[in-house]
Structures are given as C-alpha cells and as structure tokens.
Amino acid sequence: MSNSPSSDSISALNPNAKTTQVKLVLLGEAAVGKSSLVMRFVNDDFQENKEPTIGAAFLTQKIALEDKTIKFEIWDTAGQERFHSLAPMYYRNAQAAVVVYDVTKAASLDKAKSWVKELQRQANPNIVIALAGNKVDLVQPAGEGEDESMENGRQVPTEEAKAYSNETGLLFFETSAKKGDGVRDIFKEIAKKIPLEHHISNRSSTRPGPHSQAREINLMQQGSPTNRDGGSCNC
Ligand SMILES: Nc1nc2c(ncn2[C@@H]2O[C@H](COP(=O)(O)OP(=O)(O)OP(=O)(O)O)[C@@H](O)[C@H]2O)c(=O)[nH]1
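Reference entry: report on the structure contained in this document. (Residues numbered from 1 in each chain as written. Predicted model: local features only at pLDDT ≥ 70, side-chain atom pairs only at ≥ 80, totals over all residues. Heavy atoms only, no water.)

## Description of unusual backbone geometry
Then step 1. The backbone phi angle of Asp44 is positive, close to 50°, even though this residue is not glycine.
Then step 2. As for its placement among the helices and strands, Asp44 is situated in the loop between α2 (34–43) and β2 (56–64).
Then step 3. Overall, the relative accessible area of 51% leaves Asp44 in the exposed class.
Then step 4. With a phi angle near 70°, Lys135 is a residue other than glycine that sits in the positive phi range.
Then step 5. Along the chain, the position of Lys135 falls in the loop between β5 (128–134) and α5 (158–168).
Then step 6. Since its relative accessible area comes to 24%, Lys135 is described here as partly exposed. (Helix = DSSP H or I, 4+ residues; strand = E, 2+ residues; numbered from the N terminus. Buried < 20%, exposed > 50% of the residue type's maximum accessible area, 1.4 Å probe, protein only.)

## Some remarks on α2
Then step 1. By the criterion of burial, α2 is predominantly enclosed, with 10 of the 10 residues buried.
Then step 2. Of the positions making up α2, those classed as buried are Lys34, Ser35, Ser36, Leu37, Val38, Met39, Arg40, Phe41, Val42 and Asn43.
Then step 3. In this structure, the buried residues of α2 make contact with β1 (18–28), β2, β3 (68–77), β4 (96–102), β5 and α6 (183–193).
Then step 4. Two residues or fewer past α2, Asp44 is found with a positive phi of approximately 50°. (Contact = heavy atoms within 4.5 Å.)

Structure, rendered in structure tokens:
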C-alpha cells in the first residue's frame, strides 16, 4: 500500500502550524473494515475482498486544522482472535483509538464494547476513543414514513450505538469505507480533541523505522515485534 496523503489534507497544511504526532490504534472484530477505513483515510482508496491483516500494519497521515497539524501514526491491528493478546503493544501510549464494528453484525458491537472496556482499564487514561459503525452502504434505507427498524440489513440501530457512546464518553460515527462516508470525520474530530500540550514535533516517532510509512508487521513469523525489514518495532 502506498502512502500518498489525500489531496485535501496536504493542500490545507499550514506550514506555520505546529505539528503534533498522535499515536492512534484501530481495534475491532475481524472483517469489520478497520484496514479499509485506514486505506480510505490514507489513500482515498477501497479494495473489495481485502486480505485479513496479519499482526498489524503501520501507516501515517496528516490532517490540518486551523491552528495545528496532526500527524497520525496509525497502528491497524488484526481482528482475528489469535492476535488479541498482541493488542496491548499497540494501544500502549496511544493517544487515540478507533474501535470499529459492522452495523450489519450485532455481535461486532459486543466485541467493540469489550475493546472499549479494555482500553478504559488498561490504556492511557486520557486516550480519545471513537466508535465507528462501518459498512452503512450495506443498509437499505427504510421507506418513507417507516422507522429505522425497517432498514434492511442493519443489525445495530444508530440510536443504540449513539446512546452507548454518550454514556461511555466516546466519539461516535457511522461510516462506509467503501463510499468514503464519515471516514475523514473520525480523524478530524479526534484531531480536534487532542490537547495542544501533546505538541511533540521534535519527539521521536512511534513508527518502526524511517521509511516505514506503510508496512505490515508480522508478529507471528518473527516471534517478537519486528517489521518486515527486521527492524525493531518501538510501538
Ligand atoms: N460494503 C462494504 N464492505 C466493506 C467496508 N469496509 C470493508 N469492507 C469489506 O469487508 C472486508 C473486510 O475488510 P477489512 O478492512 O480487511 O477488515 P478488517 O477489520 O481490517 O479485518 P482484519 O484484518 O481481519 O481484522 C473486505 O472484503 C472489505 O472490502 C464498507 O464500508 N462497506
């Protein structure tokens, strides 16, 4: 995967704005669309039938706000259960997390809730968490005058997930990585919530190496957190 930033983020960058590096982790059940959301945000691209992530992938992308530029250092984790125990390496020291579920799969919201609990127990206490209900493009809208329960394909009502997010202090979005709906909003709203005191433009990066803007970390084969080039992962 290449890592050319999407055009609006680059053209809007203010050279005088302070750059803040933010470590962000994506968590959620397998196949809910974590990698697809990242691919949409970083490359404005979508792939049908994407291969599952093995271990984790690392990508970066900048987003410009009026007064600051946020450089996201994104750890896209593998959702398969066999990788669960590796997650703390990725959410440790993370300033932000996007926990993803699939609006057409009720069980994926339960899994998302268990990730939120784990983050609230074990991650940085100031972590900004966003909940993203993905694959809204698969939902057929209800007919005129019908309520949301008549939507075809939806298993998680928007109001249920929104109420849970409000109770739990999460940002909430419904997204389609396929169409692009809501994807930039997640990162933009997270960027707004990152306090300025996190300004760390000269701080060493959390990424695994100088040329590693987009790479997959295969922990199963290496036995320890290393990247494909064999460099250490300081995640
Ligand atoms: N229709 C639709 N399909 C999607 C969307 N997002 C992802 N997909 C598809 O869902 C499948 C899984 O997507 P991934 O992005 O690999 O999911 P993941 O959560 O990263 O999966 P793991 O790597 O196994 O954890 C792929 O076939 C994607 O093309 C979406 O918004 N809409």
